[in-house]
Amino acid sequence: NIAIVFVIGSMYCVVAPIIMPACVIYFGLSYLLYKWLFVHVYEDEFDIGGELWYEIFYGMLAGMFFGILSVAGLVSAYTSPNPTQSPALTAMLILPIIL
C-alpha cells in the first residue's frame, strides 16, 4: 500500500498538488504505526535478502514514467504547437528510460 500511495502521489503532485498534504499525512501516520508495530508486535522470522526492493524500485520507475508522460501530455495540450517544444518533450520521455 505504501508503494502505491508513493507512486500515485508522485505521479499526480504536478497535476493536482492538493494530493500532497494527504500523502504527507498518510506517510506520517504510517511511520508512527509501523514504528510501533516493529517494536512491539512483529518478530523476526526470516530475511528475504532485499528481493522486495527490486519490485518496488521498478514500480516506482514505471510510476515516474507515467507521471512524466502525463505532464508531457498536459504541456502539449495547454501550449500552442511549437517546433522547439517537441524535442524537449521527447527527451523528457526518453531520458528516464535510459537512466
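Parameters at a glance
- Residues numbered from 1 in each chain as written.
- Predicted model: local features only at pLDDT ≥ 70, side-chain atom pairs only at ≥ 80, totals over all residues.
- Heavy atoms only, no water.
- Helix = DSSP H or I, 4+ residues; strand = E, 2+ residues; numbered from the N terminus.
- Rg over C-alpha atoms; globule rule 2.2 N^0.38 Å.
- Buried < 20%, exposed > 50% of the residue type's maximum accessible area, 1.4 Å probe, protein only.
- Contact = heavy atoms within 4.5 Å.
- Areas by Shrake-Rupley, 256 points an atom, 1.4 Å probe, with all protein chains shown as cover.
- Axes fitted to C-alpha atoms, helices over the stretch in contact; angles between N-to-C directions.
- Parallel < 35°, antiparallel > 145°, perpendicular 65-115°, else oblique.
- Nonpolar A, V, L, I, M, F, W, Y, C, P; charged D, E, K, R; others polar.
- Phe/Tyr/Trp six-rings, centres within 6.5 Å; stacked < 30°, edge-to-face > 60°.
- Disulfide = S-S within 2.5 Å.

Here the focus is the overall build of the chain. Summing up its helical and strand segments, the chain has 4 helices and 0 strands in all. Its helices and strands in sequence order give the chain the pattern α-α-α-α, from N to C terminus. Radius of gyration (C-alpha) of the chain: 18 Å, far over the 13 Å computed for a compact globule of 99 residues. Along the first, second and third principal axes, the C-alpha set of the chain runs to 60 × 30 × 15 Å. In the chain, which comprises 99 residues, the share counted as buried stands at 14%. Across the chain, contacts joining residues at least 24 apart in sequence account for 56% of those joining residues at least 6 apart. With the model as given, the accessible surface of the chain reaches about 8,000 Å², and the carbon-plus-sulfur share is 72%.

With that settled, consider the packing of helix α3 (residues 51-78) against helix α4 (residues 85-98). Between α3 and α4, the shortest axis-to-axis distance is 9 Å and the interhelical angle comes to 175 degrees. As far as their axial angle goes, α4 and α3 are roughly antiparallel. Contacts between α3 and α4 involve M64, F65, I68, L69, A72, V75 and S76 from the first element and Q85, L89, M92, L93, P96 and I97 from the second. A breakdown of the residues in the contact of α3 with α4 according to their chemical character gives 11 nonpolar, 2 polar and no charged.

What follows is about the packing of aromatic side chains. Within the structure shown, the criterion is met by 6 aromatic pairs. The structure contains a cluster of three or more aromatic residues connected by ring pairs, namely W53, Y54, F57 and Y58.

Moving on, we get to helix α1 (residues 2-12). Of the residues making up α1, those classed as buried are V7, G9 and M11. Looking at the buried side of α1, the elements it contacts are α2 (19-40) and α3.

Applying the stated criterion across every chain yields a total of 0 disulfides. Looking at the unpaired C23, the closest cysteine sulfur is the one in C13, lying at 8.6 Å.

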